[in-house]
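Understanding the architecture of this molecule
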Amino acid sequence: MSTPANPPRSLAEALRARDDASLAALLRARPDLITPVPTDLTQLATRAGTRASVVRALERLDRFALQTAEALAVAADPAGYEELLGLMGGDGGDPAVVASLPRALGTLREQALVWGGDDRLRLVRTARELLAPSPQHPSPTGLGPTVQEATSGMSPGRIQEIVTAVGLPSTHDSVSAVASLTALFGDRARMTALLAEAPPESREVLDRLVWGPPYGQVTADPAPRLRWLLDRGLLLPTAPGTVVLPREVALHLRDGRAHRAVEPLPPALEVTATHRPQVVDTTAAGQAYTALATVEELLKDWDEGGPSVLRAGGLSVRDLKRTAVALDVSEPVAAFWVELAYAAGLLASDGEADERYAATPAYDEWLELPAAERWAQLAQAWLTATRTAGVVGGRDAKERTLSALGPGLDRSAAPEVRHRVLSLLAGLPEGASPSAESVLARLRWERPLRGPQQSDDLRGRLATWTLSEAEMLGVTGRGALSAHGRALLGAPAPSPAPKDAEPAQEGPGDKLPVHHVPLTVEPLSPTEQATASAAAVRLLAPLLPEPLDHVLLQADLTAVAPGPLKRPLADMLDVLADVESKGGATVYRFTPGSVRRALDAGRTATDLHAFLSAHSRTPVPQPLTYLIDDVARKHGHLRVGAASAYVRCDDDTMLNEIMADKRAAALRLRRLAPTVLATQADPATLLDGLRAMGFAPAAESAEGDVLITRADAHRTPPRTAPEPVPEGPPTPDPTLLAAAIRAIRAGDLASTTPRKQTPSTSPTGDLPRTTPAETLATMQAAVLTGEALWIGYVNAEGAASQRVIAPIRVEGGFVTAYDHTADEVRTYPLHRVTGVAELAAD
């Protein structure tokens, strides 16, 4: 292994030796390091070693990289590459570990968790504190403390007794005695000879402790098998009644391995079935069409005002159950569709005093789009949303039930997990459907659980929900990623199969070879997302059924739509008839109530006859004609207005009939005139009551005109879709990265450039202090010589900083100079310059 000529003495020096590409990789992997942008590389190194930042970085390591960091935490500080390789692969070596360790070590170096050359590898101090074994926080390796750590509180006499018992010469001090004991335990040959003398019962004790936990309990009078181990230091006391297996002894028993099971390679995805790509795409397209129909049915049901908003926000359990029944799905699935419509900005609360959920104006615009574009909007909203329908019905930290559309549903990791799951599917051959268990195993390898996370595998649950939601939405078909789903993700098209290869067969698949590593698809920028969505639309559009402009009228007062209908026809049928059944064909039923609904919406009997004749491929049945004429003949004879409410009719015989009907008693009607009845009930109640009695009243305005009611009358004010809640700082874009690196480099130059020692400067790096006259004279001289100067500067907010500038012009109390710190020409007021000093010649 190569060793740098001048090895870095600190993490800051290691970062200073990196090029811009390496710094950009660090800041992309750990975006919290530039929030805000550090002033120089020393501050960047300090921030990279803070506990919060290190914990976040460790949580984003894959299993093998994390195991490598854990091995470094139990190795010497610093450790050589060969020592690390021995801890990872054992004495016998492991070819997979040998091949994968450089990649894992490169990841740790890239993320500034490890620094130094291969002969002096150092894990950052905070990471070592988090990963090293301790009684309070056991190491995942199962190792205990070193001999030196375990004997730190032991009496010198007891240490000398152990040294003598193992056959080592006694020493004059405890330090040398512990060193000789450590050397013995680390010597494979001598340790093998020592353990060969151990009684079988003593070896059994060591075997129980070797893989952890390394602590055990003993009595005040230990058994002979324990006494033999205690006398020779193979077990060391740490507290009354507690002993520990020293790290060096455990490593010998493990053949040098720090982990019981090392996982240098990601687990393979198990393909359970392989389908023809055409079958996958058509199945996914069918699901996509069903998704569009479901969202439309949901919002159509809430057109005139949906369920009430709970005081704490969200849908009540009862309303969610009603929605599930209306959509003919389970409650968790209903919650998914409701949250999807909300995430896409098609659904919101109306903000009224009696707050209810309803469709937004964006829903009307969405309905006018082609079907493929409507699907792309839903799928894109699902990919990026942090609101997670799967947690609906669960409990928050305060043991409150989480409700659909309510607060507390954001899970910041959701977009990343969805993207990663689909990326894994995109890396499989076309038509390949993996098992959910293998996908979860792969995700756990890429982001292993640590500490408290082990009791709540949120990423695993998110992955499970992603697989089912992608199938419902039509991103996948039969468990395999569809072509339009691949395009939406921005994944490259799969390589074509060889000409002599046999076509894929329907049926179970085989487990992929271990070396098969699915590709990684990077998240897309907004521009790339738009391009990907357009590509998905082009692929999906030919697979969706063409909307029809006709129905088949039946003699039993039904109409059959043999496929999806064009928007004007579907809207009119929704008003004129009730949906009786759905499926490949939709069956509508005409009833007196549905016909009256169309008449209330402003249609006449002539309009309805003409509409049915124009859009039916079969003759209009006579019963349907009679139904429309009969309802239209009665419609509007009664007029209901606001008195509180009144009824007027030119036919006083009909009013007499109403007054004589016992069902009208609840309305408490009284006659004001031969053709007018009045009541204290509101007009809506009066309308409903008369319709329940079999009449067909019409509402009228204060001017006496018939009020036309439409199904889409209620909309919320314009609402924006909910913003995703990011998981930590977002990944910086290339422009921000370049600017941040320039600022850090320039700030580092200002803080590390050698200066001439003058009375105005100090070796401690404080800002220079000079009088205004000295500052002006030095600036003017630098303009003539072209030399760079080191200045102290205080801005308008009172913040002090140091800068390296090359003065260009001094006039009017200002200096214009090229600022190396900002990498641009700036003008500074001289009265804000605290002092100036020349730079050293080198």
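First things first, this report covers the structure right here in the doc. (Residues numbered from 1 in each chain as written. Predicted model: local features only at pLDDT ≥ 70, side-chain atom pairs only at ≥ 80, totals over all residues. Heavy atoms only, no water.)

Quick look at the sheet that holds strand β4 (residues 236-239) now. Reading across from one edge, β3-β5-β4 is the order of the three strands in this open sheet, with antiparallel pairing throughout. Edge positions in the sheet fall to β3 (215-217) and β4, since each of these pairs with one other strand and no more. The mean inter-strand angle of the sheet, taken between neighbouring strand axes irrespective of direction, is 40°. Sheet topology places β4 next to strand β5 (residues 242-244); three bridges connect them, and they run antiparallel. Residue pairing across strands places P237 opposite V243, the latter belonging to β5. (Pairing = 2+ DSSP bridges. Helix = DSSP H or I, 4+ residues; strand = E, 2+ residues; numbered from the N terminus. Axes fitted to C-alpha atoms, helices over the stretch in contact; angles between N-to-C directions.)

Once that is clear, we can look at helix α12 (residues 188-196). Think of an α-helix as 3.6 residues a turn; residues three or four steps apart then line up on the same face. Taken as a whole, α12 has its buried residues at M191, L194 and L195. Seen end-on, α12 carries its buried residues on one side only, within an arc spanning 95°. Residues A189 and A196 are exposed on α12 and point more than 90 degrees away from its buried face. Buried residues along α12 sit in contact with α11 (174-186), α13 (200-209), α14 (224-231) and α15 (247-253). Here α12 starts with a cap whose side-chain oxygen sits 3.1 Å from the backbone nitrogen of A189, and that cap is D187. (Buried < 20%, exposed > 50% of the residue type's maximum accessible area, 1.4 Å probe, protein only. Arc of directions from axis to C-beta. Contact = heavy atoms within 4.5 Å. Polar contact = N/O pair within 3.5 Å; in protein donor to acceptor, adjacent residues only side chain to side chain.)

Overall, antiparallel pairing links the four strands, which are arranged β12-β13-β15-β14 in an open sheet. With one partner strand each, in any of the chains shown, β12 (552-553) and β14 (578-581) form the two edges of the open sheet. Examined bridge by bridge, β14 and strand β15 (residues 586-589) share three bridges and lie antiparallel to one another. Considered in β15, the bridge of D578 is made with R589.

Within the fold, S616 resides in the loop between α28 (605-615) and α29 (622-634). Here S616 falls in the buried class, since its relative accessible area comes to 13%. For S616, the side chain forms a polar contact with the main-chain oxygen of T618, separated by 2.5 Å. Residues in contact with S616, not counting those within four places in the same chain, are V551 and L553.

This part takes up the pattern of salt bridges. Summed over the entire model, instances satisfying the criterion amount to 34 salt bridges. Its salt-bridge partner being R9, residue E13 comes within 2.8 Å of it at the nearest N-O pair. In this structure R9 comes out as exposed when scored by relative accessible area, which is 71%. As a salt-bridge pair, R103 and D62 come within 3.1 Å of each other at their nearest N and O atoms. On the criterion of sequence distance, the pair formed by R103 in helix α7 (residues 95-110) and D62 in the loop between α4 (51-59) and α5 (63-74) is long-range, its members being 41 residues apart. What makes R103 partly exposed here is its relative accessible area of 37%. Relative accessible area serves as the criterion here: at 12%, D62 is assigned to the buried category. (Salt bridge = Lys/Arg side-chain N within 4 Å of Asp/Glu carboxyl O.)

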